Amino acid sequence: MRKIGDALEAVVVVAILLVLVHTFLDDFSILAEWNVGARSLLIWTGLAFDLFFTVEFLVRMYLALSARQGTEYFFRQRGWVDFLASIPLLLLNSLPHALALLAGAGMLSGLGSFLNVLKVIKAVRIARILRLLRVVKLFRGIRYARSPMAQGHVSTITTIAVSILVLWTLGASVLEVAGIFPGLERPFLEGQSQRAFQITQGGTGPGLAARAAAMAAADPTILVVRAKGGAVVYSRYPAAVYGERFLPWDYGYYLANGVEVFADERPISVASSREALVALVAVVLIVLAFLLLYAPRFAMQISDPIHVMRRGMAESDYNLEVLIPRGKDKDDVFELAALYNSVYLPLKDRTGSEGTAAPAALKIEDLQDLARRT
Amino acid sequence: MRAVDPVSDPVSRFAMRLMEAPALRALPALQKEEQALNVLRSNGPQLVPVFTSLGMEVSRGWREPAALVSRAIRAAADRMMEAEISELLSSRLELSFFPVLSEGRSAPERAREELRSLISRAARHPVARSALSGSLAAARSDIIDKYIPQAFERKKYVYVEISRVQRLSLAAAQLCDLVRFIVLARPAAYLFIATGETQDREAGYSPLQEQYLTKILAGIGSSAPSFPQTLLALGLRSTLAYQPGASNVEATSRLGAIMAHRGRALGPAVVVDRGADSPDKSWFNVQRRNARWRGLDGRMLDELYTIASENGW
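Scoring rules and cut-offs
- Residues numbered from 1 in each chain as written.
- Chains lettered and ligands numbered in written order.
- Predicted model: local features only at pLDDT ≥ 70, side-chain atom pairs only at ≥ 80, totals over all residues.
- Heavy atoms only, no water.
- Helix = DSSP H or I, 4+ residues; strand = E, 2+ residues; numbered from the N terminus.
- Buried < 20%, exposed > 50% of the residue type's maximum accessible area, 1.4 Å probe, protein only.
- Contact = heavy atoms within 4.5 Å.
- Areas by Shrake-Rupley, 256 points an atom, 1.4 Å probe, with all protein chains shown as cover.
- Core = buried A, V, L, I, M, F, W, Y, C linked by side-chain atoms within 4.5 Å.
- Patch = residues over 30% accessible without salt bridge, like charges linked within 9 Å, V, L, I, M, F, W, Y side chains within 5 Å.
- Salt bridge = Lys/Arg side-chain N within 4 Å of Asp/Glu carboxyl O.
- Axes fitted to C-alpha atoms, helices over the stretch in contact; angles between N-to-C directions.
- Left-handed = near helix turned anticlockwise from the far one by under 90°.
- Nonpolar A, V, L, I, M, F, W, Y, C, P; charged D, E, K, R; others polar.
- Polar contact = N/O pair within 3.5 Å; in protein donor to acceptor, adjacent residues only side chain to side chain.

**Re the overall build of chain A**
Next up, step 1: Counting secondary structure elements, chain A contains 15 helices and four strands.
Next up, step 2: For chain A, the proportion of its 374 residues judged to be buried stands at 44%.
Next up, step 3: Sequence separation of at least 24 residues holds for 68% of the intrachain contacts in chain A that already meet a minimum separation of 6.
Next up, step 4: Total accessible area on chain A stands at roughly 18600 Å², and carbon and sulfur atoms take up 67% of it.

Listed below in structure tokens is the structure:
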């Protein structure tokens with residue numbers, strides 16, 4: 001049973017590492033303007049990962065609740081990280097995008113009204129940043145420190161740091177969308193909206209094509225103008241290009257006076273992806289810094305000396321002193337270690353029956369084993 | 001007691017295999033014995049199935065079978081120890097100090113044989129056997145050859161005490177040889193101590209009295225006539241408790257006492273935990289705080305601790 005559990009943990013760790021690569025590629029694909037095929041594949045794999053982590057969270061929660069440890073799991077074992085990195089992402093990010101992909105074949109032919117729905121999806125795409133919390137889950141699966149205290153401590157402060165970064169980034173995006181913080185998205189969309197208004201203002205009358213051409217010349221984000229249900233009066237690119245380069249949520253859609261305007265909202269996605277990549281790199285650097293710089297220091301200054309002292313107190317034949325690094329003798333732990341070295345060990349030597357005898361090498365299991373073979 | 005064929009008798013075979021266990025491989029014979037007897041003592045009742053599988057009678061409890069196994073372990077240790085002592089006396093002990101301490105005479109041919117007899121006699125005595133455990137471990141290990149040349153080179157306390165106070169003109173290698181002899185002769189001091197006169201855990205390491213040593217010296221000397229009594233006395237007097245300032249114990253004897261005590265604590269290669277000091281440094285540091293209690297020379301321990309620190313030993 002334990003082996004199955006270990007194997008599943010290993011699978012989760014591999015999945016987290018893969019999803020971090022996926023997270024990077026998902027944003028990189030937007031910056032690098034990958035084609036629709038590649039980006040769609042990333043959407044489907046993202047859905048698969050979000051489903052996997054959702055099932056993982058639900059299973060862990062169910063097992064915890066069955067053992068009456070639901071609160072323990074959710075709060076103390078960071079089940080809230082499992083939750084935030086699964087269900088919200090599935091419901092607010094990957095599932096809507098997947099549905100939009102399914103519905104969005106033959107985009108420009110009839111998806112107009114669906115694009116309004118996509119506005120909601122765009123509004124909650126900031127939730128994507130929650131994917132970065134999955135990095136914290138790695139600490140559960142990987143044993144990188146001998147001491148449980150060191151492992152737990154580094155895991156805790158990494159969770160705090162990453163969570164603050166992620167939740168602040170999420171909060172700042174919400175404030176931007178709400179108009180409380182100034183951002184680039186609002187003026188961009190307002191400008192686009194104004195130009196779309198100017199195109200649609202005259203309705204489907206004779207001047208529509210000229211208005212469309214004029215606005216498109218002034219605003220490179222205007223892609224297609226057509227009368228609703230009628231012919232296309234302006235298109236920036238050949239039709240095939242849209243199928244290759246644009247996913248459903250890359251369009252802005254405006255409808256007024258029987259005129260439809262499709263605009264390019266990829267610059268917003270690019271800006272958003274750039275921010276997301278910066279956040280991803282920040283999270284990775286934070287994690288690496290804690291693992292490679294902080295964890296060894298914590299081990300050297302806290303958990304290793306405590307381990308030596310614990311063994312010395314628990315094992316009669318363990319009499320090694322704590323090594324006190326130069327310049328650290330005023331640290332609390334090393335002051336305790338100095339007392340251990342200068343008071344406890346000599347006392348143990350005087351009073352213990354094996355105080356100066358050789359360390360035990362033989363165990364009862366060795367005798368039992370030998371008897372079986374004799 | 002019936003004679004037991006060590007090959008066919010299952011108890012003896014078990015004891016031999018136990019003494020050859022991988023966990024004990026690096027230890028000298030008496031420390032293997034100590035480890036094996038400790039496990040028997042600490043886990044007696046849990047070993048009833050083991051005794052049963054060896055065909056031993058367990059209906060009256062575990063003590064009798066445990067005693068039989070203990071005897072077999074001691075017999076196995078004796079056989080192993082013979083080989084160790086032979087190897088020590090032939091290749092590690094050169095008696096190069098002999099001319100300096102016996103008016104220019106070289107060691108006679110039979111000197112090693114006499115020393116072997118003395119050591120074997122100590123091995124047969126329960127208290128002296130305990131002392132021999134640390135002595136053999138120290139003599140076989142590299143601690144004497146590691147620390148004494150360094151102490152000599154530094155020309156500080158150890159060097160001054162030996163060359164100026166004790167007035168021995170020895171090279172470092174000769175001093176190592178002498179200290180090795182001292183630790184090997186040391187257990188003979190306990191040959192006339194009855195079991196119970198010292199506390200069990202300190203058997204073979206409790207300080208002895210000068211008057212007692214003076215009384216037994218002649219008897220010990222008669223069993224090893226090749227050695228001048230002054231030389232044998234250095235070994236016996238390493239069991240005296242050193243009193244700082246009283247100069248009651250020769251420097252070489254004090255050094256021998258420290259090495260014998262260190263040998264007692266030597267074990268299989270200890271895996272030093274990250275954050276822990278080395279076994280040598282830890283031992284010297286603890287012992288220099290307990291020097292007065294153990295009757296060891298604290299200043300020598302200070303110097304040996306410094307040597308261990310400087311060399312990362």
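Further notes follow.
**Here's the deal with the nonpolar core**
Generally speaking, a soluble globular protein has its nonpolar side chains buried in company with each other.
Residue and element names in this part refer to chain B.
Next up, step 1: Counting residues in each nonpolar core, the largest one holds 108 residues, and the members touching the most others are Leu 178, Phe 181 and Phe 227.
Next up, step 2: Looking at which element gives the most residues to this core, the answer is helix H4 (residues 63-92), with 11 residues.
Next up, step 3: Phe 181 has contacts with Leu 93, Leu 95, Phe 97, Leu 115, Phe 227, Leu 231 and Leu 232, leaving out every residue within four places of it along the chain.

**Remarks on a nonpolar patch on the surface**
Residues and elements named next belong to chain A.
Next up, step 1: A cluster of nonpolar residues, Trp 44, Leu 91, Leu 92, Leu 95, Leu 99 and Leu 102, forms a patch on the protein surface that exposes about 550 Å² of accessible area.
Next up, step 2: Ranked by residues supplied to the nonpolar patch, first place goes to helix H5 (residues 87-103) with five residues.
Next up, step 3: Owing to a relative accessible area of 60%, Leu 102 belongs among the exposed residues under this scheme.

**Re helix H9 (residues 157-165) of chain B**
Residues and elements named next belong to chain B.
Next up, step 1: Among all positions in H9, only Tyr 157, Val 158, Tyr 159, Glu 161 and Ile 162 are buried.
Next up, step 2: Contacts from the buried residues of H9 go to helix H8 (143-154), helix H10 (172-185), helix H13 (251-265) and helix H16 (298-311).
Next up, step 3: Among the residues trailing H9, Arg 167 stands out with phi positive, at a value near 60°.

**Concerning the packing of helix H1 (residues 2-31) of chain A against helix H2 (residues 36-66) of chain A**
Residue and element names in this part refer to chain A.
Next up, step 1: Look at H1 against H2: their axes get within 10 Å of each other, and the N-to-C directions meet at 145°. Handedness of the H1/H2 crossing: left-handed. Residues Glu 9, Val 11, Val 12, Ala 15, Ile 16, Leu 18, Val 19, His 22, Leu 25, Asp 26, Ser 29 and Ile 30 of H1 form the contact with H2, whose own contacting residues are Arg 39, Leu 42, Thr 45, Gly 46, Phe 49, Phe 52, Phe 53, Glu 56 and Arg 60.
Next up, step 2: When its residues are assigned to classes, the contact of H1 with H2 shows 12 nonpolar, four polar and five charged.

**Focus on the side chain of Arg 254 of chain B**
Residue and element names in this part refer to chain B.
Next up, step 1: Here Arg 254 shows up in helix H13.
Next up, step 2: By relative accessible area, Arg 254 is classed as buried at 5%.
Next up, step 3: With residues near it in sequence (within four places) discarded, Arg 254 still touches Tyr 157, Glu 161, Tyr 242, Val 249, Asp 297 and Met 300.

**Here's the deal with the side chain of Glu 84 of chain B**
Residue and element names in this part refer to chain B.
Next up, step 1: Note that Glu 84 resides in helix H4.
Next up, step 2: In this structure Glu 84 comes out as buried when scored by relative accessible area, which is 9%.
Next up, step 3: A polar contact of 2.7 Å, which involves the side chain of Glu 84, links it to the backbone nitrogen of Ala 29.
Next up, step 4: When sequence neighbours within four positions are dropped, the list of residues in contact with Glu 84 reads Pro 28, Ala 29 and Arg 140.

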